[in-house]
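# Inside the fold
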Protein chains: 2
Amino acid sequence: MNGDGRKVFHRLATIEEAARMLEEAATHVPEPERVRLDQALGRVISKTVYSGIDLPPFDRAEMDGYAVVSSDTDGASETAPLRLRVVGRVDAGSAYAGEVPNGCCVEIATGAPIPRGADAVLMVEYTSRSDGFIEVYKPVTPGENVAYAGSDLEIGEVVLRKGSTVGVREVALLASTGVREVEVYGRPKVGIISTGNEIVEPGSKLCPGKVYDVNSHMLEAAVREAGGIPLSFGRVGDDMEAIRVGLESALNGTDLILISGGTSAGLGDVVYRAIGGLCDPGILAHGLHIKPGKPTVIAAHMGKAVIGLPGYPVSALMVFNQIVKPLIHRISMAKGKGERTLEARLTQRVNGAKGRRWFLTVHVLNGVEEKAYPVFASSGAIGTLARADGYIVVPEDLEYIERDEMVQVRLFGDHEDKEDLVLMGSHCPALDILLEVLFEEEGISARALNVGSMGGLSSVARGECDLAGIHLLDEETMTYNAPFVRRAGLPDWCLVKGYRRRQGIAIPKGNPKGITGLRDLIREDLIFANRNRGSGTRVLTDRLLKGIAQELGIEFKNLVGKIRGYRSEFKTHSSVAAAVGQGRADLGVCVESAAAAYGLEFIPIGDEEYDFVINPASKDKRAVREFLGCLRSKKFKEMARKLKGFSFQ
Amino acid sequence: MNGDGRKVFHRLATIEEAARMLEEAATHVPEPERVRLDQALGRVISKTVYSGIDLPPFDRAEMDGYAVVSSDTDGASETAPLRLRVVGRVDAGSAYAGEVPNGCCVEIATGAPIPRGADAVLMVEYTSRSDGFIEVYKPVTPGENVAYAGSDLEIGEVVLRKGSTVGVREVALLASTGVREVEVYGRPKVGIISTGNEIVEPGSKLCPGKVYDVNSHMLEAAVREAGGIPLSFGRVGDDMEAIRVGLESALNGTDLILISGGTSAGLGDVVYRAIGGLCDPGILAHGLHIKPGKPTVIAAHMGKAVIGLPGYPVSALMVFNQIVKPLIHRISMAKGKGERTLEARLTQRVNGAKGRRWFLTVHVLNGVEEKAYPVFASSGAIGTLARADGYIVVPEDLEYIERDEMVQVRLFGDHEDKEDLVLMGSHCPALDILLEVLFEEEGISARALNVGSMGGLSSVARGECDLAGIHLLDEETMTYNAPFVRRAGLPDWCLVKGYRRRQGIAIPKGNPKGITGLRDLIREDLIFANRNRGSGTRVLTDRLLKGIAQELGIEFKNLVGKIRGYRSEFKTHSSVAAAVGQGRADLGVCVESAAAAYGLEFIPIGDEEYDFVINPASKDKRAVREFLGCLRSKKFKEMARKLKGFSFQ
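Nothing here was measured: the structure is a model prediction, and the numbers come from that model.

## Here we look at the domain arrangement of chain A
According to the domain assignment, chain A contains domain 1 (15–29 + 187–331), domain 2 (33–55 + 152–184), domain 3 (60–147), domain 4 (341–418) and domain 5 (438–647). If you average the C-alpha positions of domain 1 of chain A and of domain 5 of chain A, the two centres end up 41 Å apart.

Shown next as structure tokens:
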């Protein structure tokens, strides 16, 4: 404990150490169970199945034809056919009661048992029939067109060995030996408890300071995917007693417990103490040498693992994948699928995480070779995680991985269907609509990565994507985009005009503080939500403020020194609107659609130009041509009209 | 039709043609549906989800510390700390009601919203606190340790685009934006009808000529795995009316119909006519240019596909994978996982299938490089299929693939956990037990491929496996195994003595025909089940028959000429016992355990020696040493004692 009464992490473990601790302490396994064949898919056999029958169960005709004594056909030919008397017929599903004497044959269907006395099947193609006799045009060898009993699987042979996973072929094999039920390892019941005063159930209203409960749902899905049975033990606040009660009932009814902590260190401590107080032997490690996922608690109770997961979904999922999934697989004897990996070239230098193993999410984009773009995001950023393709492991002892080094990307999914079109740049709601129309009308799938205008432009210049959406205001010329495209070394024709987005001042509904414009910013009771330096909106704002300073006859520096919140750096239009909507600021400059999303009033101050830069190498791609066509289409403009403040050419 | 009234296949289609026909004719898709978040895993989004909130929903503290006005911290350092008054505290889940004036700060927990007036979070580590004030040891920049509203995902932004598959991360993302339900493409209901007089439900008694219904269960599992909902419309015999009725009700209640034909051409014809009679536009193709899977019917009714699958499970599964699975994926808008493939060296020449595309199953074994062993089996051989690792595609226009060429193997599963030990050779029930003990006691997993004694010996000689179980009788010396090992060029020490298996004459229970020995074989009322030429048992039998010929003073050739069934070539001990057990023969020579499995009486005639040949390169492998230890272990001998007729050293 430090002076503030906060728990300081101690006994940090590596993933390997944590796995070893759990291997020793978490010895409990779910009971095996008997399941019907139609429930067996994906399960793991817990008791070797031996065959009670031969496969095939009898010597079976492999062809339609005649069951014969093979020696009776010796010497037969097209020119000198032999004659055999047909003494009967046997179909699939029945058995011939008599026998086949020399000189005779029995008509036989594929799948029927070879009658007594016969030792081969003569294909119908090599015979002709009339008056109860066949002419034989070809000799057969003993066993020809016969599948012998037990030739596929013998009576007493192993059908499926303990530890085998039941797939489609195994279901077929079990059915073919007459098995209706198999004994399989139990699927572990995994208790899930989410904690945190800030979390509320999706679908309910989001009060100030609250967020939706992600971990319960995410862990449920992750447990299900790993082959476990998720059982929710509810969502509890930052309350020792409630956590204790939840944990206690989970310990009784499940095989493994996941308790995801809140995001603050204080709550982590409560979870830690609840686990420590209830479990025997208790806590094995407090903290992992990984990033993200450090605030993890590894514990055990009476042979069951109890894992305290970090509150942030991204961290929780990473720890789940590294620690919990292998554990679920181990105790259910499942094999688990190997991660798919690919080699890619790293697009920027990555510094190591100083003693922690770093699971760094990346986007994978492919041109001539695959490229891995690191995504440096907060572990709260689940949207960013969902858009990523995989992650790379930066070892704990590594100082850095240099740009352009080849790295191994572990893929989250299959990364198999490539998009027709890759866009990078600034996010725009109209672009979302454009891409929807493009998919609906032309079947072209696109992927848009939000890396900001400058990021998008550089990516085009480096040839990493097809298109970028940008809105960059040049301070000198006060024109949009073109100067930047030129400076990036791209030909002018690469810039395609997109549309205009109206910018203005967002103020709360009803304008309670009587704001008339940016000039009011000098008022002491007002707080401004300013955009980040480098953003076009900030350039625009500063230009307007410079005008105001001139009018007021004061220095720009002095003016902005008086503005509360001038130094703030809201990174998106949306965050400006949110700050005003939530009362954390009184006004801010953003696009009209963002203000409208928060139900704010809006005083227009000018339009910004959202344009597209085309990668010269992509200009002849069908997807790019269709994209540009779509941009000018009536359909797109009609659909985008629902957005406030956009104007289209 | 040919003269026999059997349907001759016409209009054979390639797989590509069949897919194109279905693309045009099978346009029906299941209705989209709304599902709760906990049911959404694996489903495909049918309606783009836009976010109703920003992520995070407010400017969020990323660290425990103090919310400050960043300009208040300018110039702070360890040596010259600045002082700020603490005016309150805000926890995750709540919101601070007041604001942060200059010179003040608010204690803040990770996850809590930044209070009005503050623009950064100062980490607790860079402060010390006393008497309602903090000392600030480090300046913060605007926005430091703040995750801005909408920085992860903006209000109005696309959460999941139509066509996205919901994985664990997508569940998390949906939950985080407050989504409880999503609209997803419907899973197709797939009607399954099995036909054939020969099929009975697994678990029931197997009467003569019957086999268990594999296709119903296999297709159910395959449909489920492909993402469809299997609906069984029963098992019907070779009865036009019953098939018609089943097909009609399936057409009404499902999105796609699979009807698996019996194994005989006659039944195929009934199924063909039933489909042709009921469906509009009806049959599109009758027969596919593939092997196995030729007798496939491709049809459609009112936009729904109707596929007549071959009766043999192996063929049915191949057609399912090539035609039906992509169809299920297409109409449910699912992506489907790509097949895993690997490069392997072909161990023997494979001749093309003359105009048919051949899906040839292979085993993959790995030494220095992966090797692909073709498995030439009947399409009835589901056991063989289940043991195979994958298949290679032999193109229709190819004459042959030469031995040692590299081929691309499409894997059935993951082929990821390599066995510790690979055995090839002759199947033996005692070996099954040995491998079970080895797994239980030593955790060593083994894979045993039944390729016969000679096949196993050659594989060891070629270095393709670790061990082979063999029982080869040398006719000249009348000794087992050693002469063969020598001839294979292997050193003597490679042969390790295994155990002895008693051979003898199997006769029906109660010996109704009063058989006393092989000498009775000259009786005209008796039929002999003889083993295949080249088998040790056949060598032994012939040796005994030569003795009898000598005693009787006749030529061996004349003796065997009198024996009914002498020319038969039963390939396994089990098939000999089955033939006797099922009355297709009256006596045969096999090992005692096989006779016991069929409840037969047994007249011992001698022991055969079942030994192991070790690959010299594997002799130091732990798995091989443990195997040999296990072979001599008390545990193995105790467990193997339940088998009849085995004797252990």
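## Here's the deal with the sheet that holds strand β17 (residues 256–260) of chain A
All names here are of chain A. As summarised here, the arrangement of the 6 strands in space is β16-β13-β17-β21-β20-β18, forming an open sheet in which the pairing is mixed. Looking along the sheet, the strands with just one partner apiece sit at the ends: β16 (229–236) and β18 (281–286). When the angles between neighbouring strand axes are averaged without regard to direction, this sheet yields 20°. Relative to strand β21 (residues 304–309), strand β20 (residues 297–301) is paired through 5 bridges, and the arrangement is antiparallel. Bridging across to β21, Ala300 finds its partner in Ala305.

## Section: the side chain of Gln322 of chain B
Residues and elements named next belong to chain B. Topologically, Gln322 is positioned in helix α6 (residues 313–331). Gln322 sits in the buried class, given a relative accessible area of 19%. Leaving out residues up to four positions away in the same chain, Gln322 has contacts with Ile15, Phe359 and Tyr391.

## With respect to the pairing of strand β6 (residues 104–108) of chain B
All names here are of chain B. Within β6, 5 of the 5 residues are buried, which leaves the element mostly enclosed by the surrounding structure. Here β6 shows no split at all, with Cys104, Val106 and Ile108 on one side and Cys105 and Glu107 on the other all buried. In the sheet, strand β5 (residues 82–90) pairs with β6 via 5 bridges, with the strands oriented parallel. Looking across to β6, one finds that Arg89 is bridged to Glu107.

## Comments concerning the relation of the copies chain B and chain A
Between chain B and chain A, which share one sequence, the superposing operator has a rotation angle of 180° and an axial displacement of 0.0 Å; the RMSD is 0.2 Å. Within this description, the copies of the chain are treated as partners about a two-fold rotation axis. Among all residues of chain B, the minimum C-alpha distance to the rotation axis is found for Arg340 of chain B, at 5.1 Å. Both copies share a contact surface, since 100% of the interface residues of chain B are interface residues in chain A too.

## Structural notes on helix α4 (residues 240–253) of chain B
Residues and elements named next belong to chain B. The end-to-end C-alpha separation of α4 is 20 Å, in line with the 20 Å expected for 14 residues at 1.5 Å each. Buried residues of α4: Ile243, Gly246, Leu247, Ala250 and Leu251, and no others. The buried residues of α4 occupy an angular sector of 135° when the element is viewed end-on, so they sit on one face.

## What about helix α8 (residues 429–442) of chain A?
All names here are of chain A. With 14 residues, α8 should reach 20 Å at 1.5 Å per residue; the first-to-last C-alpha distance of 20 Å fits that figure. Counted residue by residue, α8 has 10 buried out of 14 residues, so it is predominantly covered. Taken together, the buried positions of α8 are occupied by Pro429, Ala430, Leu431, Asp432, Ile433, Leu434, Leu435, Glu436, Val437 and Leu438. Looking one or two places after α8, you find Gly443, whose phi comes out positive at around 65°.

## Some thoughts on the packing of aromatic side chains
Applying the stated criterion across every chain, the model contains 28 aromatic pairs over all chains. Their ring planes at 85° and their centres at 6.4 Å tell us that Phe556 of chain B and Tyr566 of chain B sit as a pair that is edge-to-face. Within this pair, whereas Phe556 of chain B is found in helix α12 (residues 556–562), its partner Tyr566 of chain B is found in the loop between α12 and α13 (573–581), the two being separated by 10 residues in sequence. Its guanidinium or amino end placed over the ring of Tyr126 of chain A, Lys138 of chain A lies 4.4 Å from that ring's centre, counting from NZ or CZ. Stacked on the ring of Tyr50 of chain B, the Lys or Arg Lys642 of chain A has its end atom at 5.7 Å from the ring centre.

## Describing the interface of chain B and chain A
Often the size quoted for an interface is simply the accessible area lost on bringing the parts together. With 137 residues of chain B in contact, the opposing surface of chain A contributes 137 residues. Between chain B and chain A lies a buried interface of about 11200 Å² when both sides are counted; carbon and sulfur atoms form 52% of it. The three residues of chain B that bury the most area against chain A are Arg116, Arg169 and Arg567 of chain B, which together make up 7% of that side's buried surface. The salt bridge involving Asp432 of chain A is made with Arg161 of chain B; its shortest N-O contact spans 3.6 Å. Put simply, chain B and chain A have 63 residue pairs in polar contact (both at pLDDT 80 or more) between them. Mapped by element, the contributors of at least two residues to the side of chain B that touches chain A are β3 (60–61), α2 (168–176), β15 (211–212), α3 (215–226), α5 (265–278), α7 (382–387), α8 (429–442) and α13 of chain B. No other element matches the 8 residues that α2 of chain B contributes to the side of chain B that touches chain A. Of the residues assigned to the side of chain B that touches chain A, the class counts are 56 nonpolar, 34 polar and 47 charged.

## Observations regarding the side chain of Asp72 of chain A
Within the element layout of this structure, Asp72 of chain A appears in the loop between β4 (65–68) and β5 (82–90). Of the side chains bearing the opposite charge, Arg567 of chain B lies closest to the buried Asp72 of chain A, which forms no salt bridge; the N-O distance is 8.5 Å. When near neighbours in sequence (up to four residues on either side) are disregarded, Asp72 of chain A contacts Leu82, Leu84, Pro101, Asn102, Gly103 and Cys104 of chain A.

## With respect to the pattern of salt bridges
Evaluation of the coordinates by the stated rule reveals 99 salt bridges over all chains. One salt bridge in this structure joins Glu157 of chain B and Arg387 of chain A, with 3.4 Å as the shortest N-O distance. In this pair, Glu157 of chain B sits in the loop between β10 (146–147) and β11 (158–160) while Arg387 of chain A sits in helix α7 (residues 382–387), so the two residues belong to two different chains. Under the relative-accessibility criterion, Glu157 of chain B is labelled buried at 6%. Here the salt bridges do not stand alone but share partners, grouping Glu99 and Arg116 of chain A together with Lys513, Arg564 and Asp586 of chain B into one network.

## So, the packing of α8 of chain A against helix α15 (residues 622–631) of chain A
Residue and element names in this part refer to chain A. Running from N to C, α8 and α15 cross one another at 115°; their axes reach a closest spacing of 10 Å. Handedness of the crossing formed by α8 with α15: right-handed. For the pair α8 and α15, the contacting residues are Leu431, Leu434, Leu435, Val437, Leu438 and Glu442 in the first and Arg622, Glu626, Phe627, Cys630 and Leu631 in the second. Of the residues belonging to the contact of α8 with α15, the class tally is 8 nonpolar, no polar and 3 charged.

## A word on the environment of His329 of chain B
Residue position: His329 of chain B is located in helix α6. By relative accessible area, His329 of chain B is classed as buried at 14%.

## Let's talk about the environment of Ala80 of chain B
Residues and elements named next belong to chain B. Positionally, Ala80 belongs in the loop between β4 (65–68) and β5. Given the relative accessible area of 40%, Ala80 is considered partly exposed. Separated by 524 residues in the primary sequence, Ala80 and Pro604 have C-alpha atoms spaced 102 Å apart.

## Description of the sheet that holds strand β13 (residues 189–195) of chain B
Residues and elements named next belong to chain B. In space, the 6 strands of this open sheet follow the order β16-β13-β17-β21-β20-β18, with mixed pairing throughout. Only two strands of the sheet have a single partner each, and these edge strands are β16 (229–236) and β18 (281–286). Strand-to-strand twist in this sheet, taken as the mean axis angle between neighbours without regard to direction, amounts to 20°. Of the strand pairs in this sheet, β18 and strand β20 (residues 297–301) are connected by 5 bridges, and their pairing is antiparallel. Along β20, the bridge assignment pairs Gly282 with Ala300. This element, helix α1 (residues 15–25), spans β18, β20 and β21 (304–309) of the sheet and lies at about 10° to β20.

## Thoughts on the environment of Asn481 of chain A
All names here are of chain A. Position of Asn481 among the secondary structure elements: in the loop between β31 (467–470) and α10 (482–487). Placed 17 residues apart in sequence, Asn481 and Gly498 show a C-alpha to C-alpha distance of 11 Å. Excluding anything up to four places from it in sequence, Asn481 contacts Ile470, His471, Leu472, Leu495, Glu609 and Asp611. A polar side-chain atom of Asn481 sits 3.5 Å from the main-chain carbonyl oxygen of Ile470. Within the structure, the side chain of Asn481 is placed 3.0 Å from the backbone oxygen of Glu609, a separation counted as a polar contact.

## Side note on the state of the cysteines
Note on terminology: a disulfide is the covalent bond linking the sulfur atoms of two cysteines. Residue and element names in this part refer to chain A. One pass over the structure, following the stated rule, counts 0 disulfides over all chains. In this structure Cys494 is not part of a disulfide, and its nearest cysteine sulfur, from Cys465, lies 11 Å away. Taking relative accessible area as the criterion, Cys494 reaches 0% and is therefore assigned buried.

## Side note on a nonpolar patch on the surface
A cluster of nonpolar side chains, Ile522, Leu552 and Ile554 of chain A, forms an exposed patch at the surface whose accessible area comes to about 200 Å². Summarising the element assignment, Ile522 of chain A is placed in the loop between β32 (495–507) and β33 (528–529).

## Looking at unusual backbone geometry
Phi is mostly negative for residues that are not glycine, and the peptide bonds are mostly trans. Here the bond from Lys291 of chain A into Pro292 of chain A is cis, since omega is -5°, no more than 30 degrees from zero. Structurally, Pro292 of chain A can be placed in the loop between β19 (290–291) and β20. The omega torsion across Asp280 of chain B and Pro281 of chain B is 10°, close enough to zero to call that bond cis. The residue Pro281 of chain B is located in strand β18 in this model. In this model, Asp131 of chain A sits at a positive phi of 55°, which is unusual for a non-glycine residue. For Asp131 of chain A, the position within the fold is in the loop between β8 (127–130) and β9 (133–136).

Criteria and cut-off values
Residues numbered from 1 in each chain as written. Chains lettered and ligands numbered in written order. Predicted model: local features only at pLDDT ≥ 70, side-chain atom pairs only at ≥ 80, totals over all residues. Heavy atoms only, no water. Domains from an automatic or database assignment. Pairing = 2+ DSSP bridges. Helix = DSSP H or I, 4+ residues; strand = E, 2+ residues; numbered from the N terminus. Axes fitted to C-alpha atoms, helices over the stretch in contact; angles between N-to-C directions. Buried < 20%, exposed > 50% of the residue type's maximum accessible area, 1.4 Å probe, protein only. Contact = heavy atoms within 4.5 Å. Least-squares fit on C-alpha atoms with pLDDT ≥ 70 in both. Expected span 1.5 Å × (residues − 1). Arc of directions from axis to C-beta. Phe/Tyr/Trp six-rings, centres within 6.5 Å; stacked < 30°, edge-to-face > 60°. Lys NZ or Arg CZ within 6 Å of the ring centre and 35° of its normal. Buried area = accessible area lost by both parts, 1.4 Å probe. Salt bridge = Lys/Arg side-chain N within 4 Å of Asp/Glu carboxyl O. Polar contact = N/O pair within 3.5 Å; in protein donor to acceptor, adjacent residues only side chain to side chain. Nonpolar A, V, L, I, M, F, W, Y, C, P; charged D, E, K, R; others polar. Lys, Arg positive; Asp, Glu negative; His and termini not counted. Left-handed = near helix turned anticlockwise from the far one by under 90°. Disulfide = S-S within 2.5 Å. Patch = residues over 30% accessible without salt bridge, like charges linked within 9 Å, V, L, I, M, F, W, Y side chains within 5 Å. Areas by Shrake-Rupley, 256 points an atom, 1.4 Å probe, with all protein chains shown as cover.

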